[in-house]
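# Examination of the molecular architecture
Chain by chain, the residues run as shown.
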Amino acid sequence: MSAIIEVNDLTKRYKNAKEPAVNCVNFTVEDGEFFAFLGPNGAGKTTTISILTTTLAKTSGIVRISGFDAEKEARKVREKVGIIFQKPSLDPSLSAEENIRFHACLYGMCGYRPGFKLMPAAYRNRVMELAEIVGIKDVLFKPVKKLSGGMQRKLEIIRSLIHTPQVLFLDEPTQGLDAVSRRSLWDYINNVRKRNGTTVFLTTHYIDEAENVDKVCVINRGKITACCPPEEMKKSLLRQELILNAEDRGSLATELSELGLSYTLDGYFIVPYQGLSAQQIIARLNTRLTILKIHEPSLEDAYVEFLNKTGGKAE
Amino acid sequence: MSAMVLQRNKSKLYRELNTVVAIAARDITLVLKSPGMLIMSLAMPIIMMGMLGGNLAQNMAGGLGFQYGRFMMIGMLINMLFMVTTMAMTSLVDDHETDFTQEMLVSPVSRYSIVVGKILGSMFGAIISMAGTLVVGLFMGITLSLKQLFLILALSPLMCLSAGALAMIIIGLIKNKRTANLAVMFVTMPQIFLSGAIIPINHSSGILLVISRLMPMTYCLDLARAVVYAGTPEYGGVVLFNPVINFAAIAALTVFCMIVGTFGFARSERNR
Ligand SMILES: Nc1ncnc2c1ncn2[C@@H]1O[C@H](COP(=O)(O)OP(=O)(O)OP(=O)(O)O)[C@@H](O)[C@H]1O
Ligand SMILES: [Mg+2]
């Protein structure tokens, strides 16, 4: 594998801003990797993506996509990337399909024709196929301003995929989507990743979406504070926990103390453990339990704990 | 099977032309979908040609040595083209506000194709207004021959490019609609007054002369009048320059404005 995104000492200070929004950031993304770029509001995620996709000028540093300099060889970079912007970027007066057609023409996928029926069959089939997958087939010919927010998002998703980019930037792609749509979207994106080897660069505030990524980078106040596979992040930060409760809480408390286990009470007993396995602990308890849960640490837990530790609460 | 798979076209020229067409087609679609814009395009000639032009013709046009009505109508035709093109260029500001500009700028096409597409899309409304001007002229008893009409129509894409390129220099830098509307006044008004659309500029001097010589509209008007007055005794009194000079001046000013305008626009979007 080789690096498809290389970012060296990237700094961006917006006009008239006191602090840089992105401050001397370094990271690489391998070809075909599923990469999550996480951080609180205002951390600098969108700023970084905008520079990587050539729509924002950097202050200093080097950015290379697929070996091309994002500033000097911007056009070659644009050929490689696709993006779902955080803010909707549709033409509200055109129909959904007209928005897609416009995009397809700008990426040289087909010649412009003044009507869907006049477009080549390959285009029509692909649009229909994608619309079916994300579930907006019924509204394809309605003006975008009459679509709901979630439908507009789905439309943007189709649009970003129609030219099969090599690197796909997703800036909070699922905001506003219902649970079913979210899931089918991720199924589809995973499918695209497998089939085309597409590199996916994701930012999201739904941390569960980053659970299966290859690498997580955390950015906070413009600086990268961690960059590793998600398992490593969980391992380095999280203790495992048992969640217990009993009718005879006194007896349970005594037993836990005898086993040398500390706990916190939050309606029930939260018992962090290390060394002993969950099974070993439960086997030694005689009090009849009314609640028994083993808390599997999620990436979200690790992420929140990490931000708290590094003093990263967004103000 | 390969015909059924969507693939990127490799030819760079084809892709740029396709981009220009797609962008222009989008702006035309937007005009067609917005009755307000259509009505405006048709109402403008009534105000400009019917009221302003008509009033000037009735009250001010004695002793010119040529018939004012026709002189003014050519002026109004070109003026309409410039005004409506400039106004339509503010759709760039709408695109900025809906973030559609980002969608265009992130795509792998030349920034010039985007700007040229925008300008040619603006031409649609301009042609409607020119047609409206002709109809108002008809009511006022001023007519052009078919040949003259055809020649002016054939020249209008070039004139439109020069109008749009000039507008780009200012509108390309503006990011909100209210300022953009003021800027349209700022760009179009001096052109109406100084380029010779409604007032002959044979006696202009000083700073007003300099400004008029820097405006592409001056040369566009002169070229259009050269076409209409060719072979008539009034030619010498109405036309200022040789058509070749007009052509060269329009081309040079258009290229210059296009480069400056496109650069400024792309830069203002990227350098935030
Ligand atoms: N156009 C701009 N001009 C000036 N400052 C800006 C601009 N856009 C963003 N910023 C500032 O840059 C910083 C980073 O913003 P950015 O949009 O990159 O954050 P983010 O990580 O994407 O946040 P979120 O999760 O809320 O989308 C913020 O402090 C923001 O206020
Ligand atoms: Mg953001």
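Our structure's up above, just so we're on the same page.
First, a word on what this report is: a plain description of the structure on this page. Fair warning: this is a prediction, and the values are worked out from it, not measured in the lab. (Residues numbered from 1 in each chain as written. Chains lettered and ligands numbered in written order. Predicted model: local features only at pLDDT ≥ 70, side-chain atom pairs only at ≥ 80, totals over all residues. Heavy atoms only, no water.)

## Things to note about the layout of surface pockets
Each pocket or cavity is described by its volume, and for the largest pocket that value is around 730 Å³. Taken together, 28 residues form the lining of the largest pocket, with Ser-34, Met-37, Ser-91, Asp-94 and Lys-177 of chain B sitting closest to its centre. Looking at the lining of the largest pocket, the elements that each hand over two or more residues are α1 (12-33), α2 (35-59), α3 (68-89), α4 (91-97), α6 (111-139) and α8 (177-194) of chain B. Top element by residues in the lining of the largest pocket is α1 of chain B. It accounts for 5 residues. Residues belonging to the lining of the largest pocket are distributed by class as follows: 10 nonpolar, 10 polar and 8 charged. When its volume is computed, the second largest pocket comes out at roughly 380 Å³. Lining the second largest pocket are 19 residues, with Thr-46, Ser-50 and Lys-87 of chain A together with Asp-99 and Arg-272 of chain B positioned closest to its centre. Elements with a minimum of two residues in the lining of the second largest pocket: α1 (45-52) of chain A together with α5 (100-105) of chain B. Here the lining of the second largest pocket is composed, by residue class, of 4 nonpolar, 10 polar and 5 charged. (1 Å grid on protein atoms, 1.4 Å probe; cavity = no way out; pocket = protein on both sides within 12 Å on 5 of 7 lines; lining within 4 Å. Points joined across faces, edges and corners; volume = space filled by probe spheres on them. Helix = DSSP H or I, 4+ residues; strand = E, 2+ residues; numbered from the N terminus. Nonpolar A, V, L, I, M, F, W, Y, C, P; charged D, E, K, R; others polar.)

## Section: the packing of helix α10 (residues 216-229) of chain B against helix α12 (residues 243-270) of chain B
Residues and elements named next belong to chain B. At a closest axis distance of 9 Å, the pairing of α10 and α12 adopts a crossing angle of 150°. Considering the relative orientation of α10 and α12, their crossing is left-handed. Within the contact between the two elements, α10 uses Pro-216, Tyr-219, Cys-220, Asp-222, Leu-223 and Ala-226 and α12 uses Pro-243, Asn-246, Phe-247, Ala-249, Ile-250 and Leu-253. (Axes fitted to C-alpha atoms, helices over the stretch in contact; angles between N-to-C directions. Left-handed = near helix turned anticlockwise from the far one by under 90°. Contact = heavy atoms within 4.5 Å.)

## Side note on the pairing of strand β4 (residues 60-65) of chain A
Residues and elements named next belong to chain A. Sheet topology places strand β1 (residues 3-12) next to β4; 5 bridges connect them, and they run antiparallel. Considered in β4, the bridge of Asn-8 is made with Ile-62. Relative to strand β5 (residues 68-69), β4 runs antiparallel, the two sharing 2 bridges. In the sheet register, Arg-64 faces β5, and the bridge partner there is Asp-69. Hairpin connection from β4 to β5: 2 residues lie between these consecutive antiparallel strands, with Ser-66 at a positive phi of about 55°. (Pairing = 2+ DSSP bridges.)

## Focus: the site of ligand 1
Residues and elements named next belong to chain A. In the vicinity of ligand 1 lie 13 residues, with Gly-42, Lys-45, Thr-46, Thr-47 and His-205 positioned nearest. Between an oxygen atom of ligand 1 and a side-chain N or O atom of Asn-41, the distance comes to 2.9 Å. Burial of ligand 1 by the protein chains amounts to 63% of its free accessible area of 630 Å². Among the residues making up the shell around ligand 1, the classes are represented as 4 nonpolar, 7 polar and 2 charged. (Near = heavy atom within 4 Å. Polar contact = N/O pair within 3.5 Å; in protein donor to acceptor, adjacent residues only side chain to side chain. Areas by Shrake-Rupley, 256 points an atom, 1.4 Å probe, with all protein chains shown as cover.)

Bear in mind that shape data such as this cannot, by itself, settle questions of function.
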